[in-house]
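Here are the chains, one letter per residue:
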Amino acid sequence: MQEKLKIAFIASEVVPFAKTGGLADVAGALPKALKKLGHEIIVIMPRYYKIDKTQLTKLPEPLGVPMGSMGELWAAVYTTMLPNSTVRIYFIDYEQYFGRSGLYEENNISFADNGERFVFFTKAAMQLCKMLSFVPDIFHANDWHSASVAILAKTRFVHDFAHAKTVLTIHNMQHQGIFHKGLMNLLEIGWEHFNSCEFESMGGLNMLKGGIMHADAVTTVSSGYAAEIQTPDFGFGLDGHLRAHSQKIYGILNGVDYDEWNPSKDKYIAKNFDVDAMKGKNVCKRALQKHFGLKQKYGVPVIGFVGRFAEQKGIGLIASVISGLLDMDVQIVMLGAGEKWAEGFFSHEAYHRENFGLHVGYSEELAHQIEAGCDLFLMPSLFEPCGLNQIYSLRYGTLPIVRATGGLDDTIENYDAKNNSGNGFKFYEASSDALYHTVKWALDLYFGDKEAFEQLRTRAMRAHFSWEDAAKNYVEVYRGI
Ligand code: ADP
Ligand code: GLC
């Protein structure tokens with residue numbers, strides 16, 4: 001039997017404690033799957049203001065975190081278990097950095113001290129491992145926030161973790177953590193690492209770039225995206241850097257936590273249903289229509305969108321076609337928040353159209369209700385490292401309409417009438433025409449061939465994206481290094 005591994009999994013957001021996007025879903029699920037495979041794993045995240053301390057246990061000892069010229073800062077550490085698991089999670093509590101209402105920003109403006117906050121967090125995570133005498137085989141970092149673990153393990157903490165290897169998972173190349181070079185003084189890794197092959201990028205300090213250089217393995221969340229980021233269109237300026245390290249880059253598709261996203265036991269939806277017992281889906285549809293004040297009719301297709309209002313998600317494309325789509329016999333519901341122009345634009349549209357429902361904001365509950373109550377799901381992303389909502393949609397029998405990019409391309413197989421195959425609808429060009437005509441195609445099938453639509457729905461619902469498979473692939477990467 002192979003030896004079990006000791007893993008410290010470091011993430012800036014983890015479900016159900018704090019979430020702005022899919023990273024939190026991954027960080028809440030992958031560690032549980034790794035634990036089920038028999039490995040020893042702890043999760044470490046910041047204790048944000050909105051995480052209720054009274055539900056957690058405080059460790060008796062404070063944690064000293066060296067911060068270069070700022071001296072040593074003292075944090076508290078809280079702990080509990082990830083729900084329905086035996087995975088322990090630790091929270092780094094430092095009011096000055098994390099006692100704010102947003103995780104990374106407020107009112108769409110990033111905090112000016114984000115670099116300092118996450119250098120502190122990363123060092124605190126490593127100090128915590130020391131304090132717990134938890135000497136990991138693997139430090140698993142996620143995105144730029146904890147990317148510096150890769151260099152810290154080789155420099156500042158080399159004597160503490162001499163045998164540790166580091167894995168950096170990139171969830172999104174767009175966010176690289178670029179700061180003033182003065183942050184090097186807080187990192188305390190030596191200025192010799194500030195050069196164009198490591199942390200330097202156009203005069204600033206690029207956390208992700210340095211992390212990519214120093215991690216023993218770099219993973220990203222689909223094979224498609226692993227290839228895309230090595231091209232100028234998707235690399236956000238680091239494609240050359242990634243190509244230089246391509247031998248250590250792996251694509252591992254995210255799974256789905258079917259304890260959370262499962263219409264047969266979802267606690268947020270009006271009535272549970274499943275592939276062999278679909279009655280509840282219509283109840284959910286009616287409840288959703290009621291929620292948004294739309295006409296409660298079964299016969300009209302409902303199209304949903306859940307996601308950040310960000311260019312990445314193709315909201316520009318949606319904005320350019322929505323009026324034309326709403327002229328058809330269809331209802332559209334959207335849940336999201338982000339760019340102000342989009343919030344304003346869609347609010348204006350919703351005010352004027354009776355077949356359009358909009359909720360600007362964040363609502364876990366409504367996200368589940370949209371998945372359950374819609375017939376079709378819109379995800380026309382310009383780029384998408386993995387994307388989770390299209391996979392959730394499959395399980396809820398809400399056929400995804402996606403643009404063929406990254407994880408969307410890897411998970412959605414186009415409907416093929418001739419062979420009666422596929423699990424959704426896909427278009428290639430990032431244009432409003434392509435989006436419009438693909439939605440039209442899906443609607444034609446909905447109205448014109450109910451049987452084919454139902455068969456497509458059944459295939460979609462039977463698809464399975466397991467975290468167990470993904471976790472096995474991660475273990476292979478861990479063992480490889
Ligand atoms: P990304 O991480 O790029 O935002 P993903 O598809 O990987 O995209 O994951 C997004 C996650 O965040 C999903 O679980 C989705 O349901 C959730 N989500 C996004 N926006 C909202 C919102 N406004 N309300 C509730 N959940 C949301
Ligand atoms: C990022 C990506 C998204 C991915 C998620 C989880 O936020 O934008 O595509 O699903 O991370 O890996």
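Not measured: the values here are computed from a predicted model.

Procedures and definitions
Residues numbered from 1 in each chain as written. Chains lettered and ligands numbered in written order. Predicted model: local features only at pLDDT ≥ 70, side-chain atom pairs only at ≥ 80, totals over all residues. Heavy atoms only, no water. Near = heavy atom within 4 Å. Polar contact = N/O pair within 3.5 Å; in protein donor to acceptor, adjacent residues only side chain to side chain. Areas by Shrake-Rupley, 256 points an atom, 1.4 Å probe, with all protein chains shown as cover. Helix = DSSP H or I, 4+ residues; strand = E, 2+ residues; numbered from the N terminus. Nonpolar A, V, L, I, M, F, W, Y, C, P; charged D, E, K, R; others polar. Domains from an automatic or database assignment. Disulfide = S-S within 2.5 Å. Buried < 20%, exposed > 50% of the residue type's maximum accessible area, 1.4 Å probe, protein only. Pairing = 2+ DSSP bridges. Expected span 1.5 Å × (residues − 1). Contact = heavy atoms within 4.5 Å. 1 Å grid on protein atoms, 1.4 Å probe; cavity = no way out; pocket = protein on both sides within 12 Å on 5 of 7 lines; lining within 4 Å. Points joined across faces, edges and corners; volume = space filled by probe spheres on them. Axes fitted to C-alpha atoms, helices over the stretch in contact; angles between N-to-C directions. Parallel < 35°, antiparallel > 145°, perpendicular 65-115°, else oblique. Left-handed = near helix turned anticlockwise from the far one by under 90°. Right-handed = clockwise from strand over helix to strand, strands pointing away. Phe/Tyr/Trp six-rings, centres within 6.5 Å; stacked < 30°, edge-to-face > 60°. Lys NZ or Arg CZ within 6 Å of the ring centre and 35° of its normal.

> Which parts of the structure should I look at to understand the site of ligand 1?
If you check the shell around ligand 1, you find 21 residues, and the closest are Lys19, Gly22, Asp25, Arg308 and Lys313. A distance of 2.8 Å separates an oxygen atom of ligand 1 from a polar side-chain atom of Asp25. Contact with the protein chains hides 93% of the accessible area of ligand 1, taken as 560 Å² for the molecule alone. Of all the secondary-structure elements, those providing two or more residues to the shell around ligand 1 are α1 (22-36), β17 (331-336) and α14 (389-395). Considering only residue class, the shell around ligand 1 consists of seven nonpolar, nine polar and five charged. Split by domain, the shell around ligand 1 shows at least three residues from each of two domains, domain 1 (6-255 + 467-480) and domain 2 (279-462).

> Where do I start with the state of the cysteines in this structure?
Should the sulfur atoms of two cysteines be covalently bonded, the bond is a disulfide. Here the structure, examined in full by the defined rule, presents zero disulfides. Lacking any disulfide linkage, Cys284 is separated from the closest cysteine sulfur, that of Cys374, by 11 Å. Of the residues examined, Cys284 reaches a relative accessible area of 4% and is grouped as buried.

> Where do I start with the pairing of strand β16 (residues 302-306) in this structure?
Side-chain positions along a regular strand alternate between the two faces of the sheet. In terms of burial, β16 is largely enclosed, as five of its five residues are buried. Residues Val302, Gly304 and Val306 line one face of β16 and the alternating positions Ile303 and Phe305 line the opposite face, and both faces are buried. Of the strand pairs in this sheet, β16 and β17 are connected by five bridges, and their pairing is parallel. For Val302, the partnering residue across the bridge sits in β17 and is Gln331.

> Just to check I follow, could you spell out α1 for this structure?
Spacing of three or four residues puts side chains on the same side of an α-helix, whose turn is 3.6 residues. For α1, built from 15 residues, the straight-helix expectation of 21 Å at 1.5 Å per residue is met to within 8% by its first-to-last C-alpha distance of 21 Å. With twelve of its 15 residues buried, α1 lies for the most part within the structure. Those residues of α1 lying buried are Leu23, Ala24, Asp25, Val26, Ala27, Gly28, Ala29, Leu30, Pro31, Lys32, Ala33 and Leu34. Among the structural elements, β1 (6-10), β2 (40-46), β9 (138-142), α4 (143-146), α14 and α18 (467-480) are those in contact with the buried residues of α1.

> Can you walk me through empty space enclosed by the protein in this structure?
Regions of empty space are outlined by a rolling probe, equal in size to a water molecule, passed over the atoms. A full pass over the atoms with the stated rule returns one cavity of 30 Å³ or more. Taken as a whole, the largest cavity spans an internal volume of roughly 120 Å³. As for the largest cavity, its lining consists of 15 residues, of which Asp25, Asp257, Glu260, Trp261 and Tyr392 are closest to the centre. For the lining of the largest cavity, the element with the highest residue contribution is α1, accounting for four residues. Across the lining of the largest cavity, the residue classes tally to eight nonpolar, two polar and five charged.

> Can you walk me through the packing of helix α10 (residues 279-291) against helix α13 (residues 364-373) in this structure?
Taken N-terminus to C-terminus, the directions of α10 and α13 make an angle of 125°; their axes are 8 Å apart at the nearest point. As the angle between them shows, α10 and α13 are arranged oblique. As α10 packs across α13, the resulting crossing turns out to be left-handed. Counting all contacts with α10, which are made through Lys281, Cys284, Lys285, Leu288 and His291, the residues of α13 involved are Leu366, Gln369, Ile370, Glu371, Ala372 and Gly373.

> Just checking my understanding: could you explain the packing of helix α11 (residues 315-326) against helix α16 (residues 432-448) for this structure?
Helix-helix packing is described using two parameters, namely the angle between the two axes and the distance between the axes. With their axes 9 Å apart at the nearest point, α11 and α16 run at an angle of 45° to one another. One element, α11, and the other, α16, form an angle in the oblique class. Crossing handedness for the pair α11 and α16: right-handed. Between α11, through Leu317, Ile318, Ser320, Val321, Gly324 and Leu325, and α16, the contact on the second element is made entirely by Ser432, Leu435, Tyr436 and Val439. The residue makeup of the contact of α11 with α16, split by class, is seven nonpolar, three polar and no charged.

> Would you take a moment to explain the layout of surface pockets for this structure?
If you add up the space inside the second largest pocket, you get close to 340 Å³. Considering the residues around the second largest pocket, the lining is formed by 17 residues, among which Ala33, Lys36, Asp257, Asp259 and Trp467 are closest to the centre. Elements supplying a minimum of two residues to the lining of the second largest pocket: α1 and α18. For the lining of the second largest pocket, the leading source of residues is α1, giving five residues. Its residues assigned to classes, the lining of the second largest pocket shows six nonpolar, five polar and six charged.

> Sorry if this is basic, but what is going on with the pairing of strand β19 (residues 376-379) here?
Covered by surrounding structure in β19 are Leu376 and Leu378 together with Phe377 and Met379, the residues of both alternating faces. In this sheet, β19 lies alongside β16 in parallel orientation, the contact comprising two bridges. Following the sheet pairing, Gly304 is matched in β19 by Phe377. Where β19 meets strand β20 (residues 399-403), four bridges bridge the pair, whose relative direction is parallel. If you follow Leu378 over to β20, its bridge partner there is Ile401. Handedness of the crossover is the feature at issue here: the chain leaves β19, passes through α14, returns alongside β20, and the resulting connection is right-handed.

> Sorry, what's going on with the sheet that holds strand β12 (residues 200-201) here?
Strand pairing within a sheet occurs via backbone hydrogen bonds; the two strands may be parallel or antiparallel. The sheet built from three strands is open, its strands ordered β11-β13-β12 with antiparallel pairing. Edge strands, defined here as strands with exactly one partner in the open sheet, are β11 (178-179) and β12. In this sheet, strand β13 (residues 204-206) lies alongside β12 in antiparallel orientation, the contact comprising two bridges. By the bridge assignment, Ser201 is partnered in β13 with Gly204.

> Before we go on, may I ask you to explain the packing of aromatic side chains in this structure?
Working definition: an aromatic ring pair is given by the centre-to-centre distance plus the angle between the planes. Tallied over the full model, the rule gives 28 aromatic pairs. With centroids separated by 6.2 Å and ring planes inclined at 85°, the aromatic side chains of Phe118 and Phe121 adopt a geometry described as edge-to-face. Of the two residues, Phe118 and Phe121 both sit in helix α3 (residues 114-131), three residues apart, roughly one turn of that helix. With respect to burial, Phe118 and Phe121 carry one shared label: buried. Every member of this aromatic cluster is reached through a ring pair, and the members are Tyr48, Tyr94, Tyr97, Phe98, Tyr104, Phe118, Phe120, Phe121, Trp144 and Phe179. Over the aromatic face of Phe134 sits the side chain of Lys6, whose NZ or CZ is 5.1 Å from the ring centroid. The residue whose ring lies beneath Arg286 is Tyr298, and the NZ or CZ to ring-centre distance is 4.7 Å.

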